[in-house]
Amino acid sequence: MVACARTKEAVVIDPGADPTRIAEQCLEYSVKHVACTHGHRNHAGAKDEVKARVGGATALSFLDAKHYLRSADRYLVDGDRLEFGDFAMEVIFTPGHSPGSLCFKVGNHLFTGDTLRAGDIGPTDLPDIDLPRQVTAVLSKLLPLPENTVIYPGHGPTTTVGQERRQNVVVEMLRRAG
Ligand SMILES: [Zn+2]
């Protein structure tokens, strides 16, 4: 969850499971959006239950909604902005891990779902993955962001854009390819 401290308006990101625990964390907030980086069950499975408990509009890329048969209140495209309190969460289209994978950016905080994780990219052994597109998205949309951008992957430790420019396997692959 990301929240505006002044207004207490918040966004829930990638509710895969545990709607009760998520609802408890949202008790003192007004949830405006329940947003999913992509349609895989472990990132979107509890979005409707979370909405039923805490409110907010569910949001997902149209491509993943169609591919994984998930409905949402709002279908997101590149450049959309989800407003909450004094902030807006910017939608960045980063397809590859799934047809409609998205990353979300609030100020210098970036939520990457399964598109990028510390030192690596998300799991590449799933049926829908288009690895070249995912690598292209990481290189063209994420790593050019300011190097102090803090990255919160869907799994594993946080990192920064600067750190990933130096250590990510995608960059290393390119370096080796010359
Ligand atoms: Zn996934």
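Preceding this paragraph is the structure being described.
Parameters and conventions
Residues numbered from 1 in each chain as written. Predicted model: local features only at pLDDT ≥ 70, side-chain atom pairs only at ≥ 80, totals over all residues. Heavy atoms only, no water. Salt bridge = Lys/Arg side-chain N within 4 Å of Asp/Glu carboxyl O. Helix = DSSP H or I, 4+ residues; strand = E, 2+ residues; numbered from the N terminus. Buried < 20%, exposed > 50% of the residue type's maximum accessible area, 1.4 Å probe, protein only. Pairing = 2+ DSSP bridges. Contact = heavy atoms within 4.5 Å. Axes fitted to C-alpha atoms, helices over the stretch in contact; angles between N-to-C directions.

This paragraph deals with the pattern of salt bridges. This structure, assessed with the given rule, holds 11 salt bridges. The residue glutamate 28 makes a salt bridge to lysine 8 at a minimum N-O spacing of 3.6 Å. Taken together, the positions of glutamate 28 in the loop between helix 1 (19-25) and strand 3 (30-35) and lysine 8 in the loop between strand 1 (2-3) and strand 2 (9-13) put the pair 20 residues apart, joining distant regions of the chain. Of the residues examined, glutamate 28 reaches a relative accessible area of 56% and is grouped as exposed. One salt bridge connects lysine 141 with aspartate 78, and the closest N-O pair in it is separated by 3.9 Å. Here lysine 141 is found in helix 5 (residues 131-142), whereas its partner aspartate 78 is found in the loop between strand 5 (74-76) and strand 6 (81-84), with 63 residues between them in sequence. Accessibility expressed as a relative area gives 44% for aspartate 78, which makes it partly exposed.

Moving on to the pairing of strand 4 (residues 57-61). Most of strand 4 sits inside the fold, with four of its five residues counted as buried. Direction of pairing for strand 3 relative to strand 4: parallel, over a ladder of three bridges. Looking across to strand 4, one finds that valine 34 is bridged to threonine 58. Taken together, the three bridges between strand 4 and strand 5 define a ladder with parallel strand orientation. Among the inter-strand pairings, serine 61 is bridged to a residue of strand 5, identified as leucine 76.

With that out of the way, let us pick up the sheet that holds strand 2. Taken in spatial order, the five strands make up an open sheet running 1-2-3-4-5, and their pairing is mixed. Both outer strands of the open sheet, strand 1 and strand 5, are each paired with one neighbouring strand and no more. Here strand 1 runs beside strand 2; their pairing, made up of two bridges, is antiparallel. Note on strand 2: the bridge partner recorded for alanine 3 is alanine 10. Of the strands in this sheet, strand 2, strand 3 and strand 4 are in contact with helix 3 (residues 47-54), which crosses strand 3 at around 170 degrees.

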